[in-house]
Amino acid sequence: MNDQHYKRSENFEPDFTNLLKVLRGKIPDRPTLFEFGINDRLIGKLSGQVTEDTSSRLAPFKRLIKSFVNAGYDYATISAWRTNTLSFPKGDIDSKESKSLNSGNMITNRESYDKYYWPDPEKGDYDIYLDLRKLLPERMKLVASSNGGLLENVIDLVGFENLSLMYMLDESLTTDIFNSVGSSLLRFYEIVAPIETIGACIVNDDWGFKNQTMFPPDMMKRWVFPWHKRIVEVIHKAGKPAILHSCGQLKSVMDTVIDDLKYDAKHSFEDQITPVEEAYDQWGERIAILGGIDMDFLARNTITDIQKRCVTMLQKSINRGGYALGSGNSIPDYIPDKNYLAMISTVKMI
Amino acid sequence: MTELLQKIAKMVELGKIDRNMPFPPELKGKDGASELTLKALEIGIDPQDILNNGLTAGMNAIGEKFSKGEAFIPNMLIAAKAMHAAMEHIRPYFSEGDIPSHGTMILGTVRGDLHDIGKNLVKMIMTGGGWNVIDLGTDVENKEFVNAVNDHKGAIVGMSALLTTTMLNMELVVKELHRIRPETMIFIGGAPVSQSFSDEIGADGYFRDPYSLVRYLNKDKLRDSQ
């Protein structure tokens, strides 16, 4: 497979209604792809532009959008870190490739909370989302996400182990921190969701470890879920679907995600927790299932095995809908390009 | 006497450190593990008995609940805090302040990986289960594991990784440790690893949660001492 010039097809035209149908639990007109993030090397190869062009405000997005089009997506994801619209300043984090959930904490008590510089979501340049219309093929849309989710940002600010103790020892401070982060994220989605170029929103917030949620469901119900519910409401109010990207073992809270928070789709699955095939059987009639081809599977298997699994998954969903093919999480640079291309090329085999 | 030790165990399990601790709300203002341990010492209960049937029993109880998915990491962290607070009272009763242990574990997150929550949990549960833990920290170079094994003869090794990329470093450490000390028992843990990966790289086992590991090791210890 020529990974330098991959294209879904010469005549491929993105059409967001395909992903929209998936997100509404329906059958798309053609097999549909979904990915949250793709590494820069691959964006370079797919777009034919190896390095990012920063000569103008829109130039980097041109490359990004072209890579999504060539790969065969009906949309491009656009995170707030790309648009510089909202981010919470973090402390010194481990300056290496991986990062501990305990590092970078800036808020440890009431005094540091009061001193923290809280970003103002109103100050972002949201015009960028509308200006990107110039670069999007006619029926292509953007799928917007914030720069980290509620629990993720709170953990980044406080540190996982600190937060584990803080919510038991200082409920008032815990409430204030969640409210500060939650209200900013809510405002971000309130501004972004109604924009014409935005077809759907991803709310990205990792909640689980391998065996269970990071925090007990009672803690999540008190501090995390109410803000998610409000965020989903503002996305729905704008007539757009809301996708939850959340890693880890979430079985104990999936009913809440579907029935109470009312997410339209769930993204992020791991074979060692719940393989996507099982997730589709278990929840697929109540919520759209996105991606799910396990990252370790993608990284370490043969092209034949990858294609076999992807074709089987697409066939499984072909008459029921509510599924788009993609990885279990994202495409970091350690996944061989040929393996990723093997996965996405299976939409042409159905 | 037994009732007091059970109470200490319960306070450790609940993470009630001391009287000032507001959690759990229903025990606000009541004695925690710290005060109850002092009380136990005052009435002459053997510190070893307090350690085994109070503090360790409490950590075992929360570890078992965690293993079954009935408790969460924050519960383990707060329980460990309660245990450590109480341990400070009994430590002076042991020679040179050393608490007797089942053995030593050398623990670390492998090279390239900075994730430490899983490792820290293993440390807490192993300590609570009566093991002396040498924590090498995160992003541990392969040779640091080797040096530590050379420095602590008979120690077992625990390696943690969160990333698919870094878990591959485990194999290199296993090979090197088994080359220099074939008898070293090596256990692995972390999100991307599994029993089949453990078998593949020649480690001695994978455990989904730290309590399962300590239960396995302590069973072995009990069997050895019979």
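Here, every reference points to the structure presented above.
The model shown is predicted, which means the values in this text are computed figures rather than measured ones. (Residues numbered from 1 in each chain as written. Chains lettered and ligands numbered in written order. Predicted model: local features only at pLDDT ≥ 70, side-chain atom pairs only at ≥ 80, totals over all residues.)

K.L.:
Would you take a moment to explain the overall build of chain B for this structure?
P.N.:
Within chain B, the regular secondary structure consists of 9 helices and 5 strands. Its C-alpha atoms give chain B a radius of gyration of 18 Å, near enough to 17 Å, the size a compact globule of 226 residues would have. Each of the three principal axes of chain B carries a C-alpha extent, and together these read 50 × 35 × 30 Å. Scored against the burial criterion, the 226 residues of chain B give a buried share of 52%. Contacts in chain B between residues far apart in sequence, at least 24 positions, make up 71% of those at least 6 positions apart. (Helix = DSSP H or I, 4+ residues; strand = E, 2+ residues; numbered from the N terminus. Rg over C-alpha atoms; globule rule 2.2 N^0.38 Å. Buried ≥ 20, exposed ≤ 12 C-beta atoms within 10 Å, placed from the backbone. Contact = placed C-beta atoms within 7 Å.)

K.L.:
Before we go on, may I ask you to explain unusual backbone geometry in this structure?
P.N.:
Residues other than glycine predominantly adopt negative phi, and peptide bonds predominantly adopt the trans conformation. In this structure, the amide linkage connecting B:Phe23 to the following residue, B:Pro24, adopts the cis form with an omega of -10 degrees. Locating B:Pro24 in the fold gives a position in the loop between α1 (2-14) and α2 (33-42). Positioned with a positive phi, A:Asn84 is a non-glycine residue whose angle comes to about 55 degrees. Relative to the elements of secondary structure, A:Asn84 occurs in the loop between α4 (80-83) and α5 (110-115). A:Asn84 sits in the exposed class, given 11 other C-beta atoms within 10 Å. Positive phi, close to 65 degrees, is recorded for A:Lys262, a residue that is not glycine. Of note, A:Lys262 is situated in the loop between α11 (254-260) and β5 (265-267).

K.L.:
I would appreciate a short explanation of the sheet that holds strand β3 (residues 198-204) of chain A in the present structure.
P.N.:
Strands in a sheet are paired, the pairing made by backbone hydrogen bonds, and the direction either parallel or antiparallel. All names here are of chain A. What the 7 strands build is an open sheet, ordered β1-β2-β3-β4-β5-β6-β7; its pairing is parallel. Here the strands that pair on one side only, and so sit at the sheet edges, are β1 (75-79) and β7 (323-324). Strand direction decides the pairing type here: β1 and strand β2 (residues 141-145), joined by 5 bridges, are parallel. Among the inter-strand pairings, Ser79 is bridged to a residue of β2, identified as Ser145. (Pairing = 2+ DSSP bridges.)

K.L.:
What's the story with the environment of A:Tyr75 in this structure? I'm lost.
P.N.:
Along the chain, A:Tyr75 turns up in strand β1. On a C-alpha basis, the gap between A:Tyr75 and A:Tyr6 in space is 17 Å, while along the polypeptide they are 69 residues apart.

K.L.:
Help me understand the pairing of β2(A), please; the structure alone is not making it clear to me.
P.N.:
Looking along a regular strand, one sees side chains alternate from face to face of the sheet. All names here are of chain A. In terms of residue burial, β2 counts as a mostly covered element, since 5 of its 5 residues are buried. Every second residue of β2 is oriented toward a common face, with Lys141, Val143 and Ser145 on one face and Leu142 and Ala144 on the other, all of them buried. In this sheet, β3 lies alongside β2 in parallel orientation, the contact comprising 4 bridges. Looking across to β3, one finds that Val143 is bridged to Ala200.

K.L.:
How do you make sense of the interface of chain A and chain B when you look at a structure like this?
P.N.:
How big an interface is tends to be stated in terms of the accessible area lost upon association of its parts. At the interface, 25 residues of chain A touch 24 residues of chain B. Elements that contribute at least two residues to the side of chain A that touches chain B include exactly α8 (160-169) and α13 (295-300) of chain A. For the side of chain A that touches chain B, the leading source of residues is α8(A), giving 6 residues. Considering only residue class, the side of chain A that touches chain B consists of 11 nonpolar, 7 polar and 7 charged. (Nonpolar A, V, L, I, M, F, W, Y, C, P; charged D, E, K, R; others polar.)

K.L.:
Help me out: how do you make sense of helix α5 (residues 117-128) of chain B in this one?
P.N.:
Counting along an α-helix, one turn takes 3.6 residues, and residues three or four places apart therefore face a common direction. Residue and element names in this part refer to chain B. Helix length check: α5 (12 residues) gives 16 Å between terminal C-alpha atoms against 16 Å at 1.5 Å per residue, within 8%. Summarising burial for α5: 12 of the 12 residues are buried, a large majority. The set of residues buried in α5 consists of Ile117, Gly118, Lys119, Asn120, Leu121, Val122, Lys123, Met124, Ile125, Met126, Thr127 and Gly128. (Expected span 1.5 Å × (residues − 1).)

K.L.:
Is there a simple way to explain the sheet that holds strand β3 (residues 156-160) of chain B in this structure?
P.N.:
All names here are of chain B. Strand order in the open sheet made by the 5 strands is β2-β1-β3-β4-β5, with parallel pairing throughout. Edge strands, defined here as strands with exactly one partner in the open sheet, are β2 (132-135) and β5 (205-206). Strand direction decides the pairing type here: strand β1 (residues 104-109) and β2, joined by 4 bridges, are parallel. By the bridge assignment for β2, Leu107 is matched with Asp135. Its contacts with the sheet place α5 against β1, β2, β3 and β4 (186-189), and it is angled at close to 165 degrees to β1. Here helix α6 (residues 142-151) sits on the sheet in contact with β1, β2 and β3, set at roughly 170 degrees to β1. (Axes fitted to C-alpha atoms, helices over the stretch in contact; angles between N-to-C directions.)

Spatial relationships are all this shows, so hold off on functional conclusions.
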